[in-house]
Amino acid sequence: MSGSNAEGEEKAGSRHCPQVQVNEYKEIGSSAYTSLRPIQTTTLGKTAKVYLSPFSLSNSKLALLKLSRSPFENNPNNAVAHKKTDGKKTCRKVLTSKMKAASSKAEPVLLKPSLDAYTESTKLELQSTEESVPLSVDMGSSDEDGLPGLDDFSGLSPYERKRLKNIRENANFFASLQLSESAARLRGMIKKSQPTESKRKRPKKKENEIGCRRSMRLLKVDPLGVPLPAAPAQPTFEEEEENPLLPPGPLEMIPENQDDSNELFKASLKTWAEMSKTSKERTKEGLSSIKSYKTNLSGMVISEATVRKVTRGAISSVALHPSEVRTLVAAGAKSGQIGLWDLTQQCEDQIYVFYPHSQPVSCLYFSPTNPAHLLSLSYDGTLRCGDFSSGIFEEVYRNEGSSPSSFDFLAEEASTLLVGHWDGHLSLLDRRTPGTSYEKFFNSSLGKIRTVHVHPVSRQYFITAGLRDVHVYDARCLNSKRSQPLISLTGHSKSVASAYFSPVTGNRVVTTCADCKLRVFDSSCLSSQIPLLTSIRHNTITGRWLTRFQAVWDPKQEDCFIVGSMAHPRRVEVFHETGKNVYSFFGDCLVSVCSLSVMHPTRYVLAGGNSSGRLHVFMHQESF
């Protein structure tokens, strides 16, 4: 009977107490965690709840001890009472074995605290371990893991026992180092004593003592102590670029830098109107050998008397009057001004500045038939003629819609003009019509025209310089839709600044290109090909603030041309058509880059303009 009862109880225990499941322990990577999802089981018809404490890195030891305790002992309200039945023992053994396996796998990840924090946390762990209740599960112990003082913790796994041993040894080691006491002593040693406030005694100011010297210019007072008047506001760069257009029609020739009733200016106008023009026969007779030409160039000098500032802003065009008696230089500026400088009388009153345009003056010529006429072309779309005899700037041409860039006389008597525009168009002007000149409009094959120059002998031909193209056109074959060039000069890899025929025969063409090369072409036969004679290496990179170089022929020696230079010391160079350097103009008074230069048609006079409005003139000493 007792045996049957035992078997019945066994069966009842196995029926009412199935295998108890606990939360599984999982390990992901190097971090260990315990699933917090409880699994409810039924024991003897009642519900048993398992409560697990979450794993904490900061208090890993306490969490493991709480995890290893039996939930039935910690929570008596929900736990099943201890009975001596075999079913209860079986459930408890299963539960204890699961928890033991979970605790044996747990390996907390410790942080790296400081020495003081590490010692304190170790003491807390040991104290909490000693106060905790030992587990009721019987664990097999070995002699290897037996620790003195740890007999009460017989329920711990071998790993936990070894870990506690290491913790205690480490704690004893750090305690022997007495780090806390050393740190306290060091903190006391490095404490800086507060410096005592020491007030510096400032010396008393003497009543008659002279103070620091200050700039009178910054104080805006003159040397006598009188306040200066307020300076007018300087116009900005945008205001200078957007100057309003001048009214159409003639403008009176009144100097901007002198009084209207200046008798000296009126006398100068009368003298300029009576000056003789250039003789072509004299020019042809002046052609000489290179040796004699170089000798004449060596006699040209520069001095302080032949350097003057004549315009405001950079000089964009230069012209020399063909008179053989007087030296009159005209300069057009980017500000729209035109400056006239008569070097015959060495005085400041011989410089006259006019304002006939509102934008840069790109081209200046004295009329070949009447040197008393000075023609000027500006970006503002106007072409004016300054008449010295009447003292008026007459308006020859006006086109505000298309900005002109260059012009030349198509007819020898200067009655017709050929004007090139920045947008690639060409205009043919006839000055013989009353009022504004008659205009005929053409389209070229260029996208942009910088310079226009007419052949000196066969005047129906002219040459234009564009972006990277140099074309020769026949004026008789121009088309209003699209004009095809007669010949193209190839070989330029960058934009071309200028292209000019030789002045007497037109058998040569010199071009100035931004690829740092000066090229000379053979234009003696205007056929389908114009061969390249010479390519001269020359620095033409002037930058943004300097006017671009333009190589021009010497009217007296048509196989030689003049061009500015970026070399040091500053100079103006003369080259032969073969590429040989003939002569270089130096001087102590030449300290800047002369971008534009021009030679007198009959005399040995050279005028060069820089980008600050200053003219430099080289001439023979007997001409002073």
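Please read these numbers as outputs of a predicted model, since none were measured by experiment.

Participant: Now, about the overall build of the protein: what can you tell me, with residues and values included?
Facilitator: Along the backbone of the protein there are eleven helices and 33 strands. Burial analysis of the protein (624 residues in total) assigns 45% to the buried set. In the protein, once contacts between residues fewer than 6 apart in sequence are set aside, the share between residues at least 24 apart is 54%. Roughly 35,100 Å² of accessible area belongs to the protein as shown, and the carbon and sulfur atoms make up 52% of that amount.

Participant: I'd like to hear about unusual backbone geometry, residue by residue, with values.
Facilitator: Along the chain, His568 connects to Pro569 via a cis peptide bond; the corresponding omega equals -10°. Looking at the secondary structure, you find Pro569 in the loop between strand E28 (557-564) and strand E29 (572-576). The phi angle at Gln178 is positive, at roughly 55°, despite the residue not being glycine. Along the polypeptide, Gln178 turns up in the loop between helix H6 (158-177) and helix H7 (179-190).

Participant: How would you sum up the packing of aromatic side chains? Please name residues and give values.
Facilitator: Aromatic ring pairs are defined here through the distance separating the ring centres and the angle between the ring planes. In this structure the tally under the stated criterion is 16 aromatic pairs. When the centroid spacing of 5.7 Å and the interplanar angle of 65° are considered together, the rings of Phe354 and Phe393 count as edge-to-face. Of the two residues, Phe354 is situated in strand E10 (residues 351-354) and Phe393 in strand E14 (residues 392-398); the sequence distance between them amounts to 39 residues. Judged by relative accessible area, Phe354 falls into the buried class, the value being 1%. Arranged with centres 5.8 Å apart and planes meeting at 80°, the rings of Phe407 and Phe409 form a pair that is edge-to-face. Across the pair, exposure class does not vary: Phe407 and Phe409 are buried alike.

Participant: I'd like to hear about the sheet that holds E14, residue by residue, with values.
Facilitator: An order of E5-E14-E13-E12-E11 is seen for the five strands of this open sheet, with the pairing classed as antiparallel. The two strands at the open ends of the sheet, each matched to only one other strand, are strand E5 (251-252) and strand E11 (361-366). As paired strands, E5 and E14 are joined by two bridges and run antiparallel to one another. From the neighbouring strand, Glu252 faces E14, where its bridge partner is Ile392.

Participant: Give me the sheet that holds strand E32 (residues 605-609): which residues, what numbers.
Facilitator: Ordered in space as E6-E33-E32-E31, the four strands form an open sheet in which the pairing is antiparallel. The strands lining the two open edges of the sheet, one partner per strand, are strand E6 (307-309) and strand E31 (596-599). Strand-to-strand, the axes of this sheet are offset by a mean angle of 20°, without reference to chain direction. Looking at chain direction, E6 and strand E33 (residues 614-619) are connected through three bridges and run antiparallel.

Participant: Account for the nonpolar core, naming residues and giving values.
Facilitator: Grouped together as the largest cluster of nonpolar side chains are 21 residues, with contacts concentrated most on Trp272, Leu340, Leu374 and Phe388. Every element with two or more residues in this core is listed here: helix H9 (263-273), strand E8 (328-333), strand E9 (338-342), E10 and E11. When sequence neighbours within four positions are dropped, the list of residues in contact with Leu374 reads Ala330, Ile338, Leu340, Leu364, Tyr365, Phe366, Arg384, Cys385, Gly386 and Phe388. Counting 18 residues, the second largest nonpolar core, distinct from the first, contains Ile562, Val574, Leu590 and Cys594.

Participant: Would you mind going over the pairing of E33 in detail, with residue names and values included?
Facilitator: Burial runs high along E33: five of the six residues are buried. Pairing between E32 and E33: five bridges, direction antiparallel. Among the inter-strand pairings, Gly608 is bridged to a residue of E33, identified as His616. Hairpin connection of E32 to E33: four residues between the antiparallel strands, including Gly613 at a positive phi of 85°.

Participant: Can you lay out a nonpolar patch on the surface for me, pointing to particular residues and giving the numbers?
Facilitator: Side chains of Leu186, Met189 and Ile190 sit close together on the surface and give an oily, nonpolar patch of about 370 Å² of accessible area. By secondary structure assignment, the location of Leu186 is in helix H7. You can call Leu186 exposed: its relative accessible area is 51%.

Participant: Which residues make up the pattern of salt bridges, and what values go with them?
Facilitator: Applying the stated criterion across every chain yields a total of ten salt bridges. Several salt bridges converge on common partners, so that one network encompasses Arg384, Glu395, Arg398 and Glu400.

Participant: Tell me what's going on with the environment of Gly608, and back it up with residues and numbers.
Facilitator: With respect to the element layout, Gly608 can be found in strand E32. Using a relative accessible area of 3% as the deciding quantity, one classes Gly608 as buried. Between the C-alpha atoms of Gly608 and Val307, which are 301 residues apart in sequence, the distance is 9.8 Å. In this structure Gly608 touches Cys594, Leu596, Ser597, Arg614, Leu615 and His616, once residues within four positions along its chain are discounted.

Participant: Now, about the side chain of Ser268: what can you tell me, with residues and values included?
Facilitator: By the element assignment, Ser268 lies in helix H9. A residue is classified by how much of its surface remains accessible, and Ser268, at 6% relative accessible area, is buried. Within the local environment of Ser268, its side chain forms a polar contact with the side chain of Tyr352, the two groups lying 3.3 Å apart. Residues in contact with Ser268, not counting those within four places in the same chain, are Gln350 and Tyr352.

Participant: Give a description of the pairing of strand E16 (residues 416-421) that names residues and reports values.
Facilitator: Judged by how many residues are buried, E16 sits mostly within the fold: six of six residues are covered. Of the two faces of E16, both are covered, the one formed by Thr416, Leu418 and Gly420 as well as the one formed by Leu417, Val419 and His421. Here strand E15 (residues 404-409) pairs with E16 via five bridges, running antiparallel. By the bridge assignment for E16, Pro404 is matched with His421. Joining the antiparallel neighbours E15 and E16 is a turn of six residues, in which Ala414 adopts a positive phi near 65°. In this sheet, strand E17 (residues 425-430) lies alongside E16 in antiparallel orientation, the contact comprising five bridges. If you follow Leu418 over to E17, its bridge partner there is Leu428. Joining the antiparallel neighbours E16 and E17 is a turn of three residues, in which Gly424 adopts a positive phi near 95°.

Calculation criteria
- Residues numbered from 1 in each chain as written.
- Predicted model: local features only at pLDDT ≥ 70, side-chain atom pairs only at ≥ 80, totals over all residues.
- Heavy atoms only, no water.
- Helix = DSSP H or I, 4+ residues; strand = E, 2+ residues; numbered from the N terminus.
- Buried < 20%, exposed > 50% of the residue type's maximum accessible area, 1.4 Å probe, protein only.
- Contact = heavy atoms within 4.5 Å.
- Areas by Shrake-Rupley, 256 points an atom, 1.4 Å probe, with all protein chains shown as cover.
- Phe/Tyr/Trp six-rings, centres within 6.5 Å; stacked < 30°, edge-to-face > 60°.
- Pairing = 2+ DSSP bridges.
- Axes fitted to C-alpha atoms, helices over the stretch in contact; angles between N-to-C directions.
- Core = buried A, V, L, I, M, F, W, Y, C linked by side-chain atoms within 4.5 Å.
- Patch = residues over 30% accessible without salt bridge, like charges linked within 9 Å, V, L, I, M, F, W, Y side chains within 5 Å.
- Salt bridge = Lys/Arg side-chain N within 4 Å of Asp/Glu carboxyl O.
- Polar contact = N/O pair within 3.5 Å; in protein donor to acceptor, adjacent residues only side chain to side chain.

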